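Listed here are the chains, written in short residue letters.
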Amino acid sequence: MAEKTALLESDLSCHVCSETFRDPVSLSCSHSFCLSCLQRFWEQSKNKNCPICKINFSKNLVVNFTLKELADSFAERQEAGSEQAVSELKDLLKSDLGSLQDKRDKYKGVEKTYKEVIQGSKKQLLSTERKIRAEFIKLHQFLKEEEESRLAALKEEEEQKGKTIRREMKSIQKHISSLSHSISAVEEELQKHNGPFLSSYKATQSRARVQSSLSDPQLLSGALIDVAKHLGNLSFRVWEKMKDQVHFSPVILDPNTANRWLSLSDDLTSVRYGDKDQQLPDNPERCTNYADVLGSEGFSSGKHSWEVEVGDHPSWIIGLTKDSADRKGKIFVSPKDGIWCLEHSSGEYTNGAGETVGVKKNLQRIRVQLDYDMGEVSFYDPEDMTPIYTYRDTFTEKLFPFFSIGEAGDAKTADIKMCQSEIPL
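Predicted, not measured: the structure shown is a model, and the values here were computed from it. (Residues numbered from 1 in each chain as written. Predicted model: local features only at pLDDT ≥ 70, side-chain atom pairs only at ≥ 80, totals over all residues. Heavy atoms only, no water.)

> Just checking my understanding: could you explain the side chain of S270 for this structure?
Secondary-structure assignment places S270 in strand 4 (residues 270-273). Leave out the neighbours within four places in its chain, and S270 touches L253, S263, L264, S265, D415, I416 and K417. (Helix = DSSP H or I, 4+ residues; strand = E, 2+ residues; numbered from the N terminus. Contact = heavy atoms within 4.5 Å.)

> Is there a simple way to explain the nonpolar core in this structure?
Inside soluble globular proteins, nonpolar side chains tend to come together where they are buried. One finds W316, I366 and F403 to be the most contacted residues of the largest nonpolar core, which totals 33 residues. Those elements that place two or more of their residues in this core are strand 6 (303-309), strand 7 (316-322), strand 8 (339-345), strand 10 (365-371), strand 11 (376-381), strand 12 (386-392), strand 13 (399-405) and strand 14 (416-418). Beyond its immediate stretch of four places on either side in the chain, F403 contacts V251, L253, A291, D292, V293, W306, V308, I317, I318 and M418. By size, the runner-up hydrophobic cluster in this structure holds 16 residues, among which are F21, C34, C50 and A71. (Core = buried A, V, L, I, M, F, W, Y, C linked by side-chain atoms within 4.5 Å. Buried < 20%, exposed > 50% of the residue type's maximum accessible area, 1.4 Å probe, protein only.)

> Can you help me understand the environment of E69 in this one?
Relative to the helices and strands, E69 resides in helix 3 (residues 65-190). What makes E69 exposed here is its relative accessible area of 61%. C-alpha of E69 to C-alpha of G347: the two residues are 278 residues apart in sequence and 90 Å apart in space.

> Would you mind going over unusual backbone geometry with me for this structure?
Peptide bonds are mostly trans, and most non-glycine residues show a negative phi. Look at K54: it is not a glycine, yet its phi comes out positive at around 70 degrees. As for its placement among the helices and strands, K54 is situated in the loop between helix 2 (35-45) and helix 3. Backbone geometry at L268 places phi at a positive 60 degrees, although glycine is not the residue there. With relative accessibility at 24%, the residue L268 sits in the partly exposed group.

> Please explain the sheet that holds strand 7 as it appears in this structure.
Strand pairs in the sheet, formed through backbone hydrogen bonds, run parallel or antiparallel to each other. The five strands lie next to each other as 5-13-7-8-9, forming an open sheet whose pairing is antiparallel. Every interior strand has two partners, whereas the edge strands, strand 5 (292-294) and strand 9 (348-350), have only one. Taking each pair of neighbouring strands and ignoring which way they run, the sheet shows an average axis angle of 15 degrees. For strand 7 and strand 13, the ladder comprises seven bridges, and the chain directions are antiparallel. What sits directly across from W316, in strand 13, is I405. (Pairing = 2+ DSSP bridges. Axes fitted to C-alpha atoms, helices over the stretch in contact; angles between N-to-C directions.)

> I would appreciate a short explanation of the pattern of salt bridges in the present structure.
When charged atoms on two side chains of opposite charge get close, those side chains can pair. Counted according to the given criterion, the structure contains 20 salt bridges. The residue R22 makes a salt bridge to E19 at a minimum N-O spacing of 3.1 Å. A salt bridge links D266 to K131, with the shortest nitrogen-to-oxygen separation between them at 3.3 Å. One end of the pair, D266, is in the loop between strand 3 (262-264) and strand 4; the other, K131, is in helix 3, with 135 residues separating them in the sequence. Relative accessible area serves as the criterion here: at 52%, D266 is assigned to the exposed category. Residues participating in the shared-partner salt-bridge network are D23, K68 and D72. (Salt bridge = Lys/Arg side-chain N within 4 Å of Asp/Glu carboxyl O.)

> Can you help me understand the packing of aromatic side chains in this one?
Two aromatic rings are characterised by how far apart their centres lie and by the angle between their planes. For the structure on display, the rule yields ten aromatic pairs. Ring centres of W340 and F395 lie 5.2 Å apart, and the angle between their planes is 85 degrees; on these two criteria the pair is classed as edge-to-face. On the criterion of sequence distance, the pair formed by W340 in strand 8 and F395 in the loop between strand 12 and strand 13 is long-range, its members being 55 residues apart. Accessibility classification places W340 together with F395 in one group, the buried group. Counting every residue linked through ring pairs, the aromatic cluster contains W340, Y372 and F395. (Phe/Tyr/Trp six-rings, centres within 6.5 Å; stacked < 30°, edge-to-face > 60°.)

Just geometry here; none of it tells us what the structure is for.
Here it is in structure tokens:
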């Protein structure tokens with residue numbers, strides 16, 4: 001078909017302009033040309049020869065209407081086909097245009113998010129700096145007070161021992177004065193002549209022997225400051241005391257994962273459902289579809305446990321989630337979607353399969369326990385370590401503490417809190 005079309009196009013093309021005939025005329029040599037093309041050629045060549053075979057043509061030019069009809073029909077078909085082809089190509093190009101616009105919109109969306117991340121990062125910088133300074137101000141204040149207390153204790157010991165030493169010295173000085181008088185009296189007695197000496201000898205000797213019989217003076221022990229008491233293990237003893245002033249939480253919440261409706265405490269150990277939609281960047285780590293937040297540290301081996309104070313909060317989900325669980329789309333809090341949890345809602349406790357979990361009383365605290373290597377996630381009532389529910393599974397990636405919080409309503413407990421534990425040595 002393509003060969004026939006090419007042959008027909010050649011037969012209907014002018015040999016001068018190489019386009020489809022317009023008002024074709026045929027010469028006696030059987031060569032055909034557009035009327036205007038042939039006339040222009042003859043004007044330029046100053047003769048009426050055929051442009052191809054050079055045979056002279058003397059007759060008047062007459063339009064070959066049969067050839068004209070064929071050429072016109074062919075031109076119309078070509079034009080119609082060309083328009084269809086152009087239309088199809090434009091449709092394809094429009095589709096490409098749409099793809100380009102979609103791609104640009106995606107890039108603009110990421111650009112917008114990056115701008116939000118930059119702004120959010122600046123806010124985080126200022127907020128975190130302020131909180132760090134506040135924490136160190138408290139630590140500095142504690143250390144300053146502890147320093148002053150210990151210096152005061154040192155000074156008080158020096159003063160007390162100084163008083164004792166001064167009292168002893170006063171007594172010693174009295175004895176020295178008394179002995180000095182006795183010595184002077186004996187020396188004077190020895191200078192007397194025989195008569196006066198014999199008359200006063202007995203009394204002088206008696207006084208001298210009384211004072212000579214006094215016990216020898218003894219230095220008090222412990223008169224010096226107990227330096228070892230003040231300096232020994234000083235930093236350790238201060239640190240031990242500091243433990244009463246600071247707290248350790250086995251789970252720290254990650255604000256970069258928190259849904260925009262959640263508010264975290266300054267120390268990142270408690271969370272509540274807030275009363276406003278915060279303007280936060282939609283970074284990849286953030287949970288956007290539900291009021292969820294993750295712990296900052298994940299686990300890929302070993303045993304780990306922590307306790308969460310829930311009080312009378314009416315709506316919460318507590319457990320663990322795998323790192324790759326969807327944080328943007330619609331998911332179910334079940335092992336199938338990578339979440340192992342205990343849920344409380346409408347006064348009932350359920351597991352990830354929506355099955356009711358029986359408890360003897362309303363739970364104020366929940367203990368979450370992970371044995372990664374054994375593939376177990378367990379929940380207990382920490383008051384008496386009564387088992388609540390245990391999942392058994394095979395873990396293949398890092399697991400993070402998971403929390404989902406609803407509105408507190410009229411409940412006394414608005415915040416879900418991590419319980420403090422002993423500071424690990």
